[in-house]
Amino acid sequence: MDQSVSLGIVGAVTQADLAPIRQAGRLGEYALVYRIERVHQGGGYGDQGKHPLAWAVAVYVDGQLCRLFNARGAGREWNSLDKLSQWLCDQGFWYWWTRNDLEPLGTAAPDLDTDQDENLKQEPSEAIDSPEGVPPAFE
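Below: a short report on this structure. (Residues numbered from 1 in each chain as written. Predicted model: local features only at pLDDT ≥ 70, side-chain atom pairs only at ≥ 80, totals over all residues. Heavy atoms only, no water.)

As for the packing of aromatic side chains
Given two aromatic rings, their pairing is described by the distance between the two centres and the angle made by the two planes.
Argument step 1. Inspection of the entire model under this criterion finds 3 aromatic pairs.
Argument step 2. Ring centres 5.3 Å apart and planes at 40° place the aromatic pair tyrosine 30 and tyrosine 95 in the tilted group. With tyrosine 30 in strand β2 (residues 27–37) and tyrosine 95 in strand β5 (residues 95–99), this residue pair connects regions lying 65 residues apart in the sequence.
Argument step 3. Its relative accessible area of 32% is what places tyrosine 30 among the partly exposed residues.
Argument step 4. Arranged with centres 5.0 Å apart and planes meeting at 50°, the rings of tryptophan 78 and tryptophan 87 form a pair that is tilted.
Argument step 5. For tryptophan 78, a relative accessible area of 7% puts it in the buried group.
Argument step 6. One Lys or Arg, arginine 22, reaches over the ring of phenylalanine 93 and ends 4.8 Å from the middle of that ring. (Phe/Tyr/Trp six-rings, centres within 6.5 Å; stacked < 30°, edge-to-face > 60°. Helix = DSSP H or I, 4+ residues; strand = E, 2+ residues; numbered from the N terminus. Buried < 20%, exposed > 50% of the residue type's maximum accessible area, 1.4 Å probe, protein only. Lys NZ or Arg CZ within 6 Å of the ring centre and 35° of its normal.)

Some details on helix α3 (residues 81–90)
Argument step 1. When we look at burial in α3, the residues that qualify are Leu84, Trp87 and Leu88. Seen from one end, α3 has its buried residues packed into an arc of 100°, which puts them on one side. Residues of α3 that are exposed and point over 90 degrees away from its buried face: Asp82, Lys83 and Asp90.
Argument step 2. On the buried face of α3, the contacting elements are α2 (18–23), β2, β3 (53–61), β4 (64–69) and β5. (Arc of directions from axis to C-beta. Contact = heavy atoms within 4.5 Å.)

Concerning the sheet that holds β3
Argument step 1. If you walk across this open sheet you meet the 5 strands as β1-β4-β3-β2-β5, and the pairing is mixed. At either end of the open sheet lies a strand with only one pairing partner, and these are β1 (9–14) and β5. Neighbour-to-neighbour, the strand axes of this sheet turn through a mean angle of 35°, independent of strand direction. (Pairing = 2+ DSSP bridges. Axes fitted to C-alpha atoms, helices over the stretch in contact; angles between N-to-C directions.)

Description of the pairing of β3
For a regular strand, side-chain orientation follows a simple rule: the groups alternate between the two sheet faces.
Argument step 1. Counting buried positions along β3 yields 8 of 9 residues, so the element is predominantly enclosed.
Argument step 2. Pairing of β2 with β3 involves 8 bridges; the strand directions are antiparallel. Among the inter-strand pairings, arginine 35 is bridged to a residue of β3, identified as tryptophan 55.
Argument step 3. Examined bridge by bridge, β3 and β4 share 4 bridges and lie antiparallel to one another. By the bridge assignment for β4, valine 59 is matched with cysteine 66.
Argument step 4. Following β3, the chain reverses through 2 residues before pairing antiparallel with β4; aspartate 62 in that reversal takes a positive phi of roughly 55°.

Structure below.
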């Protein structure tokens, strides 16, 4: 089944349309960020074999979910959620959902950073637990 159909995307909107649609009160409060198979090569991730997926955005316009496209008619794609979250904030979105239907869940490798584990095992210092270190203004 087509991913757009399964997500309920019924239309398209360009980035340039967002501000006028928002001013008219037709733009929803939330955006949907979802994982897609990457179409464009760019952003330093030109090897689609190593980076086959990207992030796309859909927004609610008049209560209908619409995929975001650029002015040339191609779907916008982001490789970094950090950059995408900044872009969403710049566009006036405070809230968004993130959905990843294309990658398996629960496949993270255990964190083998032993330095971090050692820091967690250290006993708290006596200066922190002791009232003698408290300045007179806070007594």
